[in-house]
Amino acid sequence: MPRKKSSPKSKTKTAAKTRTGKREKEAEPAPGRPVCPECGSTRIRRDYTRGEVYCEKCGTVIEENIIDSGPEWRAFDASQREKRVRTGAPIRYTLANKGLSTEIDMYYRDFRGVKISAEQRAAVTRMRKWHKRTSVSSSMERNLTVALNELERISSLLGLSPNLREAAALLYRKAVSKGLIRGRLIESVVAAVVYIICRQYNIPRTLDEIAEVSGMSKKEIGRVYRFLKADLGISMPLTNPVHYVPRFASELKLSG
Ligand SMILES: [Zn+2]
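The text that follows walks through the structure, step by step, so that each part is easy to find. These figures come from a predicted structure and were not determined experimentally. (Residues numbered from 1 in each chain as written. Predicted model: local features only at pLDDT ≥ 70, side-chain atom pairs only at ≥ 80, totals over all residues.)

Digging into the overall build of the chain
Summing up its helical and strand segments, the chain has 10 helices and four strands in all. Classification of the 256 residues of the chain by burial places 16% in the buried group. For the chain, long-range pairs separated by at least 24 residues make up 51% of all intrachain contacts whose partners lie at least 6 apart in sequence. (Helix = DSSP H or I, 4+ residues; strand = E, 2+ residues; numbered from the N terminus. Buried ≥ 20, exposed ≤ 12 C-beta atoms within 10 Å, placed from the backbone. Contact = placed C-beta atoms within 7 Å.)

Here it is, written out as structure tokens:
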């Protein structure tokens, strides 16, 4: 793609033009989105290999020598990447401990990767066992573990993406912290939470489907759903039938 560097002279000229002319009004950009000073296009790209910000439409270089905020190292496979990153994985609500607790892996090797001795092996086995037992201690944590496993199970049956699972897990945690779970079946709460998330994110899953995979009745899920909706102050978008069309069409094996 041809690129031209915009001279400061031409920049000031267009800026003056847009300030006085009515061109400014027609191309009102969304706030926070960069706009090309030459052509008004919002197709601005950051090229980190060249250190430039440029307009994809006309090729104007808007900014030079930009700083790459990515890592300064390279990794050629997953194990290298794992060794070189200096942070842990992001917090995950789908894990009972949010992925923040210590994990003892299943390999009998020390941190250099050398195999450990037989006596130490026994100690590590014991440590691992007690670590597992103590990490899920209170009844609430146990409840959460069961619920998140159930969430994982029905989400995979419904084919929900990891992002949706995270959203559902977060909503379930909210319900737990407000004490809304007490006296209810975990399975029915999880099913209702999944139903709410599917509706909120416009994912076409019917109540019938969720009832089928969760093994709970529609009536029960509906009851918990209404209860959660009222107590958590959730506003629901109306279901748009359009979202169901592609799925049902492919299930009925209809042509495009
Ligand atoms: Zn441009």
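Next comes the rest of the write-up.
Examining the pairing of strand β3 (residues 52-55)
Inspection of the sheet shows strand β2 (residues 44-47) paired to β3 by four bridges, in the antiparallel sense. Bridging across to β3, R46 finds its partner in V53. Taking the residues between adjacent antiparallel strands as the criterion, β2 and β3 are bridged by four residues, where G51 takes a positive phi near 70°. As paired strands, β3 and strand β4 (residues 60-63) are joined by two bridges and run antiparallel to one another. Residue pairing for β4: Y54 is matched across the bridge by V61. Hairpin connection from β3 to β4: four residues lie between these consecutive antiparallel strands, with G59 at a positive phi of about 85°. (Pairing = 2+ DSSP bridges.)

Quick look at the nonpolar core
Counting 29 residues, the largest nonpolar core has Y172, A192, V193 and V194 as the members making the most contacts within it. When contributions to this core are tallied by element, the ones reaching two or more residues are α5 (139-158), α6 (162-177), α7 (186-200) and α9 (218-232). In terms of residue count, α7 provides more of this core than any other element does, 10 residues in total. Each residue touching V194, except ones within four places of it in the same chain, is listed here: I154, S155, A168 and I210. (Core = buried A, V, L, I, M, F, W, Y, C linked by C-beta atoms within 7 Å.)

Description of unusual backbone geometry
Backbone geometry places N65, a non-glycine residue, at a positive phi of 50°. Mapped onto the secondary structure, N65 falls in the loop between β4 and α3 (78-84). In this structure N65 comes out as exposed when scored by C-beta crowding, with 7 C-beta atoms within 10 Å. Although it is not a glycine, N202 sits at a positive phi angle of roughly 55°. Locating N202 in the fold gives a position in the loop between α7 and α8 (207-214). Assessed through the 11 C-beta atoms surrounding it within 10 Å, N202 is described here as exposed.

Let's talk about helix α4 (residues 118-135)
With 18 residues, α4 extends 26 Å between its outermost C-alpha atoms, agreeing within 8% with the 26 Å of an ideal straight helix rising 1.5 Å per residue. Summarising burial for α4: zero of the 18 residues are buried, a small minority. (Expected span 1.5 Å × (residues − 1).)

Looking at the environment of G70
Position of G70 among the secondary structure elements: in the loop between β4 and α3. Look at G70 and you get exposed, because 7 C-beta atoms sit within 10 Å. G70 sits 22 residues away from Y48 along the chain, and the two C-alpha atoms are 9.2 Å apart.

Overview of the environment of G215
Secondary-structure assignment places G215 in the loop between α8 and α9. Distance in space between the C-alpha atoms of G215 and E187 is 8.2 Å, their sequence separation being 28 residues.

Points about the environment of Y244
Note on placement: Y244 falls in the loop between α9 and α10 (245-251). A residue is classified by how many C-beta atoms lie within 10 Å of it, and Y244, with 13 of them, is partly exposed. Residues Y244 and I203, 41 residues apart in the sequence, show an inter-C-alpha distance of 8.4 Å.

Considerations on the packing of α5 against α8
As a packed pair, α5 and α8 sit with axes 10 Å apart at the nearest point and diverge in direction by 130°. Compared by their axis directions, α5 and α8 come out oblique. In terms of crossing hand, the pair formed by α5 and α8 is right-handed. Between α5 and α8, the residues in contact are I154, L157 and L158 and E209, I210, V213 and S214, respectively. (Axes fitted to C-alpha atoms, helices over the stretch in contact; angles between N-to-C directions. Parallel < 35°, antiparallel > 145°, perpendicular 65-115°, else oblique. Left-handed = near helix turned anticlockwise from the far one by under 90°.)

Thoughts on α7
Here α7 is 15 residues long and its end C-alpha atoms lie 21 Å apart, about the 21 Å a rise of 1.5 Å per residue gives. The element α7 is extensively covered by neighbouring structure, given that 12 of its 15 residues are classed as buried. For α7, the set of buried residues is E187, S188, V189, V190, A191, A192, V193, V194, Y195, I196, I197 and C198. Residues of α7 that are buried sit in contact with α5, α6, α8 and α9. Looking one or two places after α7, you find N202, whose phi comes out positive at around 55°.

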